[in-house]
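# Observations on chain architecture
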Amino acid sequence: MPVSELTSLPEFHIVIPARYASQRFPQKLMADLGGKPVLQWVYELSLKAGAKSVTIATDHEVIEQAAKGFAAPVLMTRDDHENGTERLAEVAAKMAWQGDEIVVNVQGDEPFLPVELIHSAVAALQKDAEAEMATVACPIKSAEDFFNPNVVKLVCDEQQRALYFSRAPMPWDRDGFAKKGNETESLGQDFPAFRHIGLYVYRASLLANYANLPMSPLERWEKLEQLRFLHQGIKVQVALADQLPPHGVDTPQDLEALRKYLG
């Protein structure tokens, strides 16, 4: 994002929800990556985004002490949160952020998230006065990704607001796929397939109301938290990125790949 656009961004806060336990990779945020914990990489990239504040939110003393070790503001939260959004909502309430103040959820296991994506998502929310949150997507180029249920797809309306998120392939090329089926090797050049990137930006007013939003049947079936918002009629603005950002740390194999990336 050019400097002129960056200076026009509104003030925003970054919260990094940091769970100590993880089913697939326990204690991954404390894993060493190039001489410092994964979480420290995330904190340092968040500082580069120019946020008004950056806060690590955790429910575990090990995370708290580690954050203090690299001079990061840290807030202890409850240990019964179902997801990162609930943790963000608690932080926003404790910080007394209100109304249109913008809060960015940066995942603690994304050490190489491009700062430009944060800026793009904040700018997307800023330009849409009716939207209460924003997220990011990038084009899907391969049929393999398009038909992969682990790749979350989304479709948008003409105002670039999300219409739906799904693990299923969408939109559906009725005539094209009827001829080739799932064996197609490539998607049409102008086929509007987009992959969701899990970066979320919220207005504080939405976080304040989050506890009152019940889980929707769509969310329960798809296992996608963002469907809770669409089910309630909340407008979600989408910023488009050119390509998928570097992979986060979900598994020990991911960590090893990033270590090799650093050399």
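Please refer to the structure higher up on the page.
Residues numbered from 1 in each chain as written. Predicted model: local features only at pLDDT ≥ 70, side-chain atom pairs only at ≥ 80, totals over all residues. Heavy atoms only, no water.

The next thing to look at is the overall build of the chain. Of regular secondary structure, the chain possesses eleven helices and eleven strands. In terms of overall size, the chain behaves like a compact globule, its C-alpha atoms giving a radius of gyration of 19 Å where 263 residues would be expected to give roughly 18 Å. By residue count, 49% of the 263 residues in the chain fall in the buried class. A separation of at least 24 residues holds for 68% of the contacts in the chain among residues at least 6 apart in sequence. A total accessible area of about 13,300 Å² is found for the chain, and carbon and sulfur atoms account for 49% of it. (Helix = DSSP H or I, 4+ residues; strand = E, 2+ residues; numbered from the N terminus. Rg over C-alpha atoms; globule rule 2.2 N^0.38 Å. Buried < 20%, exposed > 50% of the residue type's maximum accessible area, 1.4 Å probe, protein only. Contact = heavy atoms within 4.5 Å. Areas by Shrake-Rupley, 256 points an atom, 1.4 Å probe, with all protein chains shown as cover.)

Next up on the list: the nonpolar core. Membership of the largest hydrophobic core comes to 38 residues, with the highest contact counts inside it found for I56 and I118. Only β1 (12–18), α2 (38–48), β4 (53–58), α3 (61–69), β6 (102–105), α5 (115–127), β7 (133–139) and β10 (194–203) provide two or more residues apiece to this core. A total of seven residues in this core trace back to one element, the largest contributor, which is α5. The residues contacting I118, other than those within four sequence positions of it, are F12, I14, L45, A49, V104, V106, L113 and L199. (Core = buried A, V, L, I, M, F, W, Y, C linked by side-chain atoms within 4.5 Å.)

Attention now goes to the environment of R24. As for its position among the elements, R24 is in the loop between β1 and β2 (32–33). Classification of R24 as exposed rests on a relative accessible area of 59%. Between the C-alpha atom of R24 and that of T251, which follows or precedes it by 227 residues, the distance is 6.2 Å. Apart from residues no more than four positions distant in its own chain, R24 is found in contact with D250 and P252.

A separate point is the side chain of T85. With respect to the helices and strands, T85 occurs in helix α4 (residues 84–95). The residues touching T85, leaving out its near neighbours within four places in the chain, are N105, Y202, L207, Y210, E225 and F229.

With an omega of -5 degrees, the peptide bond running from M170 to P171 counts as cis. Positionally, P171 belongs in the loop between β9 (162–166) and α7 (174–180). The phi torsion at Q160 lies on the positive side, around 65 degrees, for a residue other than glycine. For Q160, a relative accessible area of 23% puts it in the partly exposed group.

Let us now look at the environment of V236. Topologically, V236 is positioned in strand β11 (residues 236–240). Using a relative accessible area of 2% as the deciding quantity, one classes V236 as buried. Considering only alpha carbons, one finds V236 and V201, 35 residues apart in sequence, at a separation of 9.5 Å. Look past the residues within four positions of V236 in its chain and what remains in contact with it is M133, A134, T135, Q160, R161, A162, F229 and L230.

Turning our attention to α4. In this model, α4 (twelve residues) spans 16 Å end to end at C-alpha, consistent with the 16 Å of a helix rising 1.5 Å per residue. Listed as buried for α4 are T85, E86, R87, L88, A89, E90, V91 and A92. Where α4 starts, the residue carrying a side-chain oxygen 3.1 Å from the main-chain nitrogen of T85 turns out to be N83. Where α4 ends, the next residue or the one after it, A96, has phi of about 60 degrees, a positive value. (Expected span 1.5 Å × (residues − 1). Polar contact = N/O pair within 3.5 Å; in protein donor to acceptor, adjacent residues only side chain to side chain.)

Okay, α5 next. Taking 1.5 Å of rise per residue, 13 residues should cover 18 Å, and α5 covers 19 Å from first to last C-alpha, within 8% of that figure. Those residues of α5 that sit buried are V115, L117, I118, H119, A121, V122, A124 and L125.

With that settled, consider the packing of aromatic side chains. Tallied over the entire structure, the rule returns 13 aromatic pairs. Centre to centre, the rings of Y202 and F229 are 6.0 Å apart; their planes meet at 50 degrees, and the pair counts as tilted. In this pair, Y202 sits in strand β10 while F229 sits in helix α10 (residues 227–231), placing the two residues 27 residues apart along the sequence. Side by side, Y202 and F229 carry an identical accessibility label, which is buried. Through successive ring pairs, a cluster of aromatic residues spans F146, F147, W172, F177 and F191. Seen from the ring of W41, K36 lies directly overhead, with NZ or CZ sitting 4.3 Å from the centre. (Phe/Tyr/Trp six-rings, centres within 6.5 Å; stacked < 30°, edge-to-face > 60°. Lys NZ or Arg CZ within 6 Å of the ring centre and 35° of its normal.)

By secondary structure assignment, the location of Q237 is in strand β11. Residues contacting Q237, with those up to four places away along its chain left out, are A124, K127, D128, A131, M133, A134, T135, Q159, Q160 and R161.

Read these as spatial facts, not as claims about activity.
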